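Per-entry structural report
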Amino acid sequence: MSSPSKRREMDLMKLMMSDYKVEMINDGMQEFYVDFHGPKDSPYQGGLWRIRVELPDAYPYKSPSIGFVNKIYHPNVDEMSGSVCLDVINQTWSPMFDLVNIFEVFLPQLLLYPNPSDPLNGEAAALMMRDRATYEVRVKEYCEKYAKPEDIGAAPEEKSSDEELSEGDYASSDEAIAGQADL
């Protein structure tokens, strides 16, 4: 069993060394979030999603479980749970694949080439087949509404302004306390 454990560590380190932000959920290496950007030249371009990844004990021999944390409008993603219907992950997984493959190949391909004939979101699938232009407008609306850095708590601008705010709070509270002591 040390082999799957070592492979899990290697794959996770490889993912962390790539351009993806990885945030561990707990002390183990089995659950974590990965920030994923929508592929260029797609209606998902500009979107940022937090993907929850759970690695089973038997990884890489058993596929990881992945799901979108923030909402996405896509025929093959359940809108409520974020579960992904992806054949490569769910049915044809091989130990030859690794975590980087999921974020550099499998998820971008899923977003670029949805499969409305195998939907988890029936409304998105029906709209895509009936009116592709309106479907793409709805995708972009969801990106604007649910797939921005602030939607996953990853806006660096927010963090820096929070730090500035808290520094300002400390300064004003110190003055207030000092003022009360003088009275």
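Refer to the structure above for everything that follows.
Remember, it's a predicted structure, so these values are computed and weren't measured experimentally.

1. Re the overall build of the chain
The secondary structure content of the chain amounts to six helices and four strands. What you see in the chain, going N to C, is helices and strands ordered as α-β-β-β-β-α-α-α-α-α. Scored against the burial criterion, the 183 residues of the chain give a buried share of 40%. Partitioning the contacts of the chain with sequence separation of at least 6, the portion at a separation of at least 24 is 55%. Counting every atom, the chain has about 10600 Å² of accessible surface; 52% of that belongs to carbon and sulfur.

2. Thoughts on the environment of Glu 144
Take Glu 144: it is sitting in helix 5 (residues 132-146). It is 8.6 Å that separates the C-alpha atoms of Glu 144 and Gly 46, two residues lying 98 residues apart in sequence. Polar contacts involving the side chain of Glu 144 include one to the side chain of Lys 148, which spans 3.3 Å.

3. Topic: helix 5
The terminal C-alpha atoms of helix 5 lie 21 Å apart, and with 15 residues this matches the ideal 21 Å at 1.5 Å per residue to within 8%. Within the sequence span of helix 5, burial applies to Tyr 135, Val 139, Tyr 142 and Cys 143. Looking down the long axis of helix 5, one finds its buried residues gathered within 105 degrees of arc, a one-sided arrangement. In helix 5, the exposed positions angled more than 90 degrees off the buried face are occupied by Ala 133, Glu 144 and Lys 145. Tucked inside the fold, the buried residues of helix 5 contact strand 3 (48-54) and helix 4 (122-130).

4. Thoughts on the pattern of salt bridges
Note that side chains of opposite charge can pair when their charged atoms are close. What the rule picks out here adds up to 11 salt bridges. The partner of Arg 50 in a salt bridge is Glu 23, and the shortest N-O contact between them spans 3.5 Å. Separated by 27 residues along the polypeptide, Arg 50 in strand 3 and Glu 23 in strand 1 (residues 22-24) bring together distant segments of the chain. The closest approach of N and O atoms between Arg 138 and Glu 141, which form a salt bridge, is 3.9 Å. Note that Arg 138 and Glu 141 are positioned in helix 5 at a spacing of three residues, about one turn of the helix. On the accessibility criterion, Arg 138 (25% relative accessible area) is partly exposed. Overall, the relative accessible area of 45% leaves Glu 141 in the partly exposed class.

5. Points about the packing of aromatic side chains
Taken as a whole and judged by the stated rule, the model has 10 aromatic pairs. Judged by centre distance (6.1 Å) and plane angle (40 degrees), the rings of Tyr 59 and Trp 93 are tilted. On the criterion of sequence distance, the pair formed by Tyr 59 in the loop between strand 3 and strand 4 (65-68) and Trp 93 in the loop between helix 2 (87-90) and helix 3 (99-112) is long-range, its members being 34 residues apart. Sitting over the ring of Tyr 33, Arg 50 keeps its end group 5.3 Å from the ring centre.

Each value, and the rule that gives it
Residues numbered from 1 in each chain as written. Predicted model: local features only at pLDDT ≥ 70, side-chain atom pairs only at ≥ 80, totals over all residues. Heavy atoms only, no water. Helix = DSSP H or I, 4+ residues; strand = E, 2+ residues; numbered from the N terminus. Buried < 20%, exposed > 50% of the residue type's maximum accessible area, 1.4 Å probe, protein only. Contact = heavy atoms within 4.5 Å. Areas by Shrake-Rupley, 256 points an atom, 1.4 Å probe, with all protein chains shown as cover. Polar contact = N/O pair within 3.5 Å; in protein donor to acceptor, adjacent residues only side chain to side chain. Expected span 1.5 Å × (residues − 1). Arc of directions from axis to C-beta. Salt bridge = Lys/Arg side-chain N within 4 Å of Asp/Glu carboxyl O. Phe/Tyr/Trp six-rings, centres within 6.5 Å; stacked < 30°, edge-to-face > 60°. Lys NZ or Arg CZ within 6 Å of the ring centre and 35° of its normal.

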